[in-house]
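Coordinate inspection notes
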Number of protein chains: 4
Amino acid sequence: MATKAKIGVLGASGYTGGELVRLLLRHPRAEIVLLTAERSAGKAMRDVFPQFSPYQLPTLVAIEGLNWAAAALDVAFCALPHATTQKVLMMLMAQSPHTKVIDLSADFRLHDTAAYAKWYGHEHHAPALQKEAVYGLTEIHRRAIRQARLIANPGCYTSCAELPLIPLIKAKAIELSEIVIDAKSGMTGAGRAAKESMLFSEVSEGFNAYGVGKHRHMAELDQEFSIAAGRDVMVTFTPHLVPMNRGILSTIYVRGVAGKTPEELHAILAETYANEPFVHVLPFGQTPQTRHVRGSNMTFIGVAKDRVPGRAIVISALDNLVKGASGQAVQNMNVMLGEPETAGLL
Amino acid sequence: MATKAKIGVLGASGYTGGELVRLLLRHPRAEIVLLTAERSAGKAMRDVFPQFSPYQLPTLVAIEGLNWAAAALDVAFCALPHATTQKVLMMLMAQSPHTKVIDLSADFRLHDTAAYAKWYGHEHHAPALQKEAVYGLTEIHRRAIRQARLIANPGCYTSCAELPLIPLIKAKAIELSEIVIDAKSGMTGAGRAAKESMLFSEVSEGFNAYGVGKHRHMAELDQEFSIAAGRDVMVTFTPHLVPMNRGILSTIYVRGVAGKTPEELHAILAETYANEPFVHVLPFGQTPQTRHVRGSNMTFIGVAKDRVPGRAIVISALDNLVKGASGQAVQNMNVMLGEPETAGLL
Amino acid sequence: MATKAKIGVLGASGYTGGELVRLLLRHPRAEIVLLTAERSAGKAMRDVFPQFSPYQLPTLVAIEGLNWAAAALDVAFCALPHATTQKVLMMLMAQSPHTKVIDLSADFRLHDTAAYAKWYGHEHHAPALQKEAVYGLTEIHRRAIRQARLIANPGCYTSCAELPLIPLIKAKAIELSEIVIDAKSGMTGAGRAAKESMLFSEVSEGFNAYGVGKHRHMAELDQEFSIAAGRDVMVTFTPHLVPMNRGILSTIYVRGVAGKTPEELHAILAETYANEPFVHVLPFGQTPQTRHVRGSNMTFIGVAKDRVPGRAIVISALDNLVKGASGQAVQNMNVMLGEPETAGLL
Amino acid sequence: MATKAKIGVLGASGYTGGELVRLLLRHPRAEIVLLTAERSAGKAMRDVFPQFSPYQLPTLVAIEGLNWAAAALDVAFCALPHATTQKVLMMLMAQSPHTKVIDLSADFRLHDTAAYAKWYGHEHHAPALQKEAVYGLTEIHRRAIRQARLIANPGCYTSCAELPLIPLIKAKAIELSEIVIDAKSGMTGAGRAAKESMLFSEVSEGFNAYGVGKHRHMAELDQEFSIAAGRDVMVTFTPHLVPMNRGILSTIYVRGVAGKTPEELHAILAETYANEPFVHVLPFGQTPQTRHVRGSNMTFIGVAKDRVPGRAIVISALDNLVKGASGQAVQNMNVMLGEPETAGLL
């Protein structure tokens, strides 16, 4: 496309919103024309993120009262809280049907209205859009993303677990009943809301699990793993908080089926991702660190042999704000617009 | 004293309150009989600080409705917010006049009602108590503390600056017009209230000054330095936040008067504190680190020669939650009760 | 005992050595009479750990040339590197047979000379002592520790996994073939040697696994779990490094046998540790954080239900330098000397 | 220029070397053709910095035996240790006179051979080159840089202090005898060599000054401030280490001369830097944080009024690895090659 796409970022004052702006500023085909933020409406972006002081950016506005038809966005990134999102996007997509929407909340990730109601405690407010939405893990659903009008950008934990596991499940290479995902995330994954449990003095010099046995990302994992397997899959998943800003590392314990060795599991992943620009499979036996992907849109995956015969340890790492959120969203935008998939992301 | 003192901690759910409980639990003469917390009333202490799970402690109660005469506390530590403190202590000290009170807020630190009104924006609610209160920097005001009924425990920044500077000022050894205090504090100094600016993701991997030119601790510094000098003193003071939990380090720039050398300044401090258990002056030229005093009630002080002739660099370090707050408070309690000053603090 | 025990700390300049000194300084029955350090011989303890500046401590000396008979130690804590330990302790225990020795290295933890040779790559230099040594996890081997002359203090990772798992294994309550231990440790666990991989700039803001499939602590786990089970047990164990100083948290995935529910597993642990001063089992469904045990000799254990039927998630946390090393060592000393087990540790 | 410049990075395995590679990879006119590293010679760049795994880069080679004429580099960045640098660059510049050299060590920053000998303890090995070298703070010496063959890239601390102070000194707006620079740096500023004092467990949760009264960067400050003032200037400068990876913040205390107000000092800086892409002066009274410049080539400067009459507090912040080292070096390359100064740096 010759001209630049007109971009809006809804919810620009949070961490994923700020990261979207950072990435879009260096994208050759993107022009940011709209930034929204409720409590900070009227402020400049530099007031909520002083690192943007050197750049010209639209003033933050409230969503209430916006005319989406007049805004005529080519692409809207939506980084609003759960539930609010459904209402805003129903209106936006009704008023401006040609706008492509990439939603970074959890609102449209589950296809099944019953699963949604169970995990979120209420009926979905926009069930028609829920059906239409495409789950935006590019490497897995690229073809559908290309045609989509509404993308449900995946969760950070789920991306980190799905990229290594879906190819193994599709290949029927691992026991579905013995998958254990032990995940560890930096603090930006928990958002920018002021809560006591997220204060520096509560977090620094400490480590803990949370949501043990009942984290909402499980519903996403169930959905995508079941699609890949062709039957219901339920995995064990425990998230933990690491005293660092960015990064997720998942340590995944699997058992090969029918004598599949760790080396064979590694070969499946290496082949699957051989030509993917944003997934890098390390040599067998090497495992990644979060610092190797910090600030980038990469996912690093390693596979090692467990000493317990037949078992393998798969470790994946990504930056929760980039491949786990805003970078993944820009990658999806590139696919939707027919741009090179890596534009603005290297 | 043969029996244990009956102790109350008002505001036990904050960081200084929790630190008081930690110190009092191992004090041979203290028995904690009352713990208050407003929002957490009805909870166990282990619910707000799980590290106390192994210990028997009173359930947290609200202050509203307490009968101070019936409580019959020997000592009340008050770690309540500014302004609330004045109202609570007026009532407590009226109902239970024999209770000794050690207040950790800023409410009673300033003797001058006009200075108080200027810095805090309103008249003091308990001016009589304000007059009565003794400023509780033990090494400087030990004699008055011994007789006092109400102690205003000093601020963490101010303690860290006053311990090295007051002896130099008293000795008329430094230029009063050229004192620069560049102070750096860990995050617990900012309290446990949930604010965006104190989130891990806002604080980690960053460093900044705040309150530049107008921090309230300046009023305390003015008061104590002016008393020491016998005339008005106004210093330059800039606080900074360090991405760590505990610790304050002050880098203090001074110029010797009348040819006083850095070595002579060092000698004044070394002599002043030679027999103090909680102030340690390092050999000339060595400077302290916050980690050397972490968790202890010590203040370490170092003096080094600046390359600019006539100038010295004085560096002091203490743990803001111990010598800068709760340890200092227990030290004051020991003095008030006639216990060994180091009881429970080594 | 009326008089104080004469204590030596071999290897006092490392983190576990420093932590031993910190704990022994406040122990009512311990007198530190000997401190050794090879590269720092001749220095004061305050030169390697300035936090000890206020205390009187023996000057650091080299081991070479010490006369152990003349030293006449009641207790020697040995925090020397692997292999060196064997040679030093052979000589010490030959020259001074009445000295009780608590070794914090890995040298005497494995009873089986063949297992030792396999994991450490050479024959044991003191096979007779290897046979004599008692594995020093107090809660599990208290009776044998009481009689022992040589204690092999357990590893930090292993303590954190054995305390929750051994009672479950002894009770035949969990599937032995499906135990997964995902362990996370602060950096002091890796020692004080200067290595690039342990620099602040390499560690901060990052997270990674290491020793995947082949960490030496596995041999200790095998030994103790096999003793508890009465047959060979081999578990999956992956250690990770957390950007913090202190603390280990183990997330342990187990499956109940014969319909044992997570609640029943919790009941076994709660009953086992009901009267233990240093192991605290949280209410069912609650899980611990490393910050709750920082600086203390406590182990906190939580048990939660996994959503996968029949599976439970057990999480344990301890301070690697205290219950995982030096505090555990002092606890063993108390048992060996007939002192109250909690002396100096509360 | 139409084709890409052939670039070599000498010393590519350290932090500044790695940062140079990160920046050059996204520079539209740069092609990395040579990477050297002594201890890691023969390895791939991905072995020392796994984050480069997705990129094609030359294998690391040793400098010994390289033929500089044959290498025919357009630009050589030199990130070698002090002293080694002098010898390598003498040979390189003799064999390949047309290669433009940007040196990131301290070796060529001082023009005065006597000052060099005093601060570094030995005669300079390449005095002719020392005379020829241009001090590479672009905003101050842009014209000379454009013509230069050898650039001495400034130190990180010095850049952070010189950018705010040189314009004030040139304008004769501040007292030269009362300048105090209290500087705080993240740990990457101290390099990647394995030293005990730089271990995570020594640094985390702590803060300290170092080099008090005698840091080598003082010589650079003296030189540049004296040039700006037209007479000898000697300032007070104290560096500190912050437990974070990146960033320097300098808190600078100055007194206006002849009634110059803080507002007037601010105006001088705002005007000086109005059109500079990499120096941003905040509105009067606002002060910067290191996190606002992390990862970017920006310097943020704030000026606030001190409450002591006549004094101002100037605070500057930059990323020590970017504007304080590698980004500054690329900026200089752009100037030397006639490229847009911001190429590869936004």
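Small disclaimer: the values here were computed from a predicted structure and weren't measured. (Residues numbered from 1 in each chain as written. Chains lettered and ligands numbered in written order. Predicted model: local features only at pLDDT ≥ 70, side-chain atom pairs only at ≥ 80, totals over all residues. Heavy atoms only, no water.)

Quick word on the overall build of chain A
The secondary structure content of chain A amounts to 12 helices and 14 strands. Taking 2.2 N^0.38 as the reference for a compact globule, 346 residues should give roughly 20 Å; the C-alpha atoms of chain A span a radius of gyration of 20 Å, in line with that estimate. Projected onto its principal axes, the C-alpha positions of chain A cover 60 × 45 × 40 Å. Taken over 346 residues, chain A has a buried fraction of 64%. Restricting to contacts in chain A with at least 6 residues of sequence separation, those with at least 24 account for 72%. (Helix = DSSP H or I, 4+ residues; strand = E, 2+ residues; numbered from the N terminus. Rg over C-alpha atoms; globule rule 2.2 N^0.38 Å. Buried < 20%, exposed > 50% of the residue type's maximum accessible area, 1.4 Å probe, protein only. Contact = heavy atoms within 4.5 Å.)

Concerning the pairing of strand E5 (residues 100–103) of chain D
Note: strand E4 (residues 75–78) of chain D against E5 of chain D, 4 bridges, orientation parallel. Its bridge partner being in E5 of chain D, Ala-76 of chain D is matched across the sheet by Val-101 of chain D. (Pairing = 2+ DSSP bridges.)

Structural notes on the packing of aromatic side chains
For any pair of aromatic rings, geometry is given as the distance between the ring centres together with the angle between the planes. This structure, assessed with the given rule, holds 16 aromatic pairs over all chains. Ring geometry for Phe-49 of chain B versus Phe-52 of chain B: centroids 5.9 Å apart, planes at 80°, classification edge-to-face. Ring centres of Tyr-116 of chain D and Tyr-120 of chain D lie 4.8 Å apart, and the angle between their planes is 20°; this geometry places the pair in the stacked category. Linking Tyr-116 of chain D with Tyr-120 of chain D, this pair stays in helix H5 (residues 113–120), spanning 4 residues, or about one helical turn. The same class applies to Tyr-116 of chain D as to Tyr-120 of chain D, namely buried. (Phe/Tyr/Trp six-rings, centres within 6.5 Å; stacked < 30°, edge-to-face > 60°.)

Digging into the relation of the copies chain C and chain B
Relative to chain B, chain C is turned by 180° and slid 0.0 Å along the rotation axis, the superposed coordinates differing by an RMSD of 0.0 Å. The symmetry that links the two subunits is that of a two-fold axis. Closest approach to the rotation axis among the C-alpha atoms of chain C is made by Glu-205 of chain C, whose C-alpha sits 4.0 Å away. By residue overlap, the copies meet face to face through one surface: 100% of the interface positions of chain C are interface positions in chain B. (Least-squares fit on C-alpha atoms with pLDDT ≥ 70 in both.)

Considering the relation of the copies chain A and chain C
The transformation that overlays chain A on chain C combines an axial shift of 0.0 Å with a rotation of 180°, and the residual RMSD is 0.0 Å. Looking at chain A, 100% of its interface residues are interface residues in chain C too, so the copies touch through the same face.

Re the environment of Ile-181 of chain B
Its location among the elements puts Ile-181 of chain B in strand E8 (residues 180–185). Sequence separation between Ile-181 of chain B and Ala-325 of chain B is 144 residues; the distance between their C-alpha atoms is 20 Å. Ile-181 of chain B has contacts with Ala-161, Leu-165, Leu-221, Phe-225, Val-235, Thr-236, Phe-237, Thr-238, Ser-250, Thr-251 and Ile-252 of chain B together with Tyr-253 of chain D, leaving out every residue within four places of it along the chain.

A few points about the interface of chain A and chain C
Contact with chain A, which involves 48 residues of that partner, is made by 48 residues of chain C. Summed over both sides, the interface between chain A and chain C buries roughly 3900 Å², with carbon and sulfur atoms accounting for 50% of that surface. Our count for the chain A to chain C interface comes out at 4 salt bridges. In this structure, Asp-182 of chain C and Lys-184 of chain A form a salt bridge, with 3.0 Å as the shortest nitrogen-oxygen distance. Counting the contacts that link chain A with chain C gives 28 residue pairs in polar contact (both at pLDDT 80 or more). Going through the elements one at a time, strand E8 (180–185), helix H9 (200–203), strand E9 (208–209), helix H10 (217–229), strand E10 (236–241), strand E11 (248–255), strand E13 (299–305) and strand E14 (311–318) of chain A are the ones with two or more residues in the side of chain A that touches chain C. Looking at the side of chain A that touches chain C, its residues break down into 21 nonpolar, 13 polar and 14 charged. (Buried area = accessible area lost by both parts, 1.4 Å probe. Salt bridge = Lys/Arg side-chain N within 4 Å of Asp/Glu carboxyl O. Polar contact = N/O pair within 3.5 Å; in protein donor to acceptor, adjacent residues only side chain to side chain. Nonpolar A, V, L, I, M, F, W, Y, C, P; charged D, E, K, R; others polar.)

So, helix H8 (residues 156–170) of chain C
All names here are of chain C. With 15 residues, H8 should reach 21 Å at 1.5 Å per residue; the first-to-last C-alpha distance of 21 Å fits that figure. Maximum bend of H8: about 40°, positioned at Glu-162, with proline Pro-164 one to four residues after it. Looking one or two places after H8, you find Lys-172, whose phi comes out positive at around 50°. (Expected span 1.5 Å × (residues − 1). Bend = angle between axes of the 7 residues up to and from the residue.)

Observations concerning the nonpolar core
Core analysis: the biggest nonpolar cluster contains 100 residues, and Leu-24, Met-45 and Phe-77 of chain A together with Leu-24 and Phe-77 of chain C have the highest contact counts within it. In terms of residue count, helix H12 (residues 322–337) of chain A provides more of this core than any other element does, 7 residues in total. Those residues within four positions of Phe-77 of chain C in sequence are excluded, and the remaining contacts are Ile-7, Gly-8, Val-9, Leu-10, Leu-20, Leu-24, Ile-102, Leu-104, Ala-329, Val-330 and Met-333 of chain C. In this structure, Val-48, Val-242 and Phe-278 of chain B together with Met-333 of chain D belong to the second largest nonpolar core, which totals 98 residues. (Core = buried A, V, L, I, M, F, W, Y, C linked by side-chain atoms within 4.5 Å.)

Topic: the pattern of salt bridges
What the rule picks out here adds up to 60 salt bridges over all chains. Note that Glu-196 of chain C and Arg-192 of chain D form a salt bridge whose closest N and O atoms lie 3.3 Å from each other. With Glu-196 of chain C in the loop between strand E8 (180–185) and helix H9 (200–203) and Arg-192 of chain D in the loop between strand E8 (180–185) and helix H9 (200–203), the pair connects residues from two separate chains. We note a salt bridge from Lys-305 of chain D to Glu-263 of chain D, for which the minimum N-O separation is 3.3 Å. Of this pair, Lys-305 of chain D sits in strand E13 (residues 299–305) while Glu-263 of chain D is found in helix H11 (residues 262–272), placing the two residues 42 residues apart along the sequence. Residues participating in the shared-partner salt-bridge network are Glu-19, Arg-22, Arg-246 and Asp-319 of chain A.

Side note on the pairing of strand E14 (residues 311–318) of chain B
All names here are of chain B. Of all 8 residues in E14, 8 are buried, a share of seventy percent or more. Every second residue of E14 is oriented toward a common face, with Arg-311, Ile-313, Ile-315 and Ala-317 on one face and Ala-312, Val-314, Ser-316 and Leu-318 on the other, all of them buried. Here 8 bridges tie strand E11 (residues 248–255) to E14, and the two strands are oriented antiparallel to one another. Looking at E14, one finds that Leu-249 is bridged to Ala-317. Here strand E13 (residues 299–305) runs beside E14; their pairing, made up of 7 bridges, is antiparallel. Within E14, the residue paired with Ala-304 across the bridge is Ile-313. Linkage of E13 to E14, two consecutive antiparallel strands, is achieved through a turn of 5 residues, within which Gly-310 is found at a positive phi near 90°.

A closer look at helix H12 (residues 322–337) of chain C
Residues and elements named next belong to chain C. A rise of 1.5 Å per residue sets the reference length of H12, with its 16 residues, at 22 Å; its end C-alpha atoms lie only 19 Å apart and thus fall more than 12% short of the reference. Of all the bends in H12, the largest measures some 45° and sits at Gln-328. Counting buried positions over the 16 residues of H12 gives 15, a clear majority of the element. Gly-338, located one to two residues past H12, shows a positive phi value of around 75°.

Some remarks on the sheet that holds strand E10 (residues 236–241) of chain D
Residue and element names in this part refer to chain D. An order of E9-E10-E8-E11-E14-E13-E12 is seen for the 7 strands of this open sheet, with the pairing classed as mixed. Of all the strands in the sheet, the pair left with one neighbour each is strand E9 (208–209) and strand E12 (279–281). Lying on the sheet, H11 is in contact with strand E11 (248–255), E12, E13 and strand E14 (311–318); it crosses E13 at an angle near 160°. (Axes fitted to C-alpha atoms, helices over the stretch in contact; angles between N-to-C directions.)

Observations regarding the packing of helix H7 (residues 138–147) of chain B against helix H12 (residues 322–337) of chain B
All names here are of chain B. Taken N-terminus to C-terminus, the directions of H7 and H12 make an angle of 40°; their axes are 10 Å apart at the nearest point. The chirality of how H7 crosses H12 is right-handed. For the pair H7 and H12, the contacting residues are Thr-138, Glu-139, Arg-142, Ile-145 and Arg-146 in the first and Lys-323, Gln-328, Gln-331, Asn-332, Val-335 and Met-336 in the second. Here the residues of the contact of H7 with H12 sort into 3 nonpolar, 4 polar and 4 charged. (Left-handed = near helix turned anticlockwise from the far one by under 90°.)

Examining the interface of chain C and chain B
At the junction of the two partners, chain C supplies 15 residues and chain B supplies 15 residues. Interface of chain C and chain B: buried area, both sides summed, is about 1200 Å²; carbon and sulfur atoms make up 60% of it. Classifying every residue of the side of chain C that touches chain B gives 6 nonpolar, 6 polar and 3 charged.

A word on unusual backbone geometry
Phi at Glu-205 of chain A takes a positive value of approximately 60°, unusual for a residue other than glycine. Residue Glu-205 of chain A is classed as buried on the basis of its relative accessible area, which comes to 5%. In this structure, Ala-258 of chain B is a non-glycine residue whose phi angle is positive, near 50°.

Topic: the environment of Leu-176 of chain D
All names here are of chain D. Within the secondary structure, Leu-176 is located in the loop between helix H8 (156–170) and E8. By relative accessible area, which is 15% here, Leu-176 ends up buried. Considering only alpha carbons, one finds Leu-176 and Tyr-55, 121 residues apart in sequence, at a separation of 50 Å. Residues contacting Leu-176, with those up to four places away along its chain left out, are Ile-169, Ala-229, Arg-231, Val-233 and Met-234.

Let's talk about the state of the cysteines
As enumerated under the stated definition, the model contains 0 disulfides over all chains in all. In this structure Cys-78 of chain A is not part of a disulfide, and its nearest cysteine sulfur, from Cys-156 of chain A, lies 17 Å away. Take Cys-160 of chain C: it sits in no disulfide, and the sulfur closest to it among the cysteines is that of Cys-156 of chain C, at 8.7 Å. Of the residues examined, Cys-160 of chain C reaches a relative accessible area of 0% and is grouped as buried. (Disulfide = S-S within 2.5 Å.)

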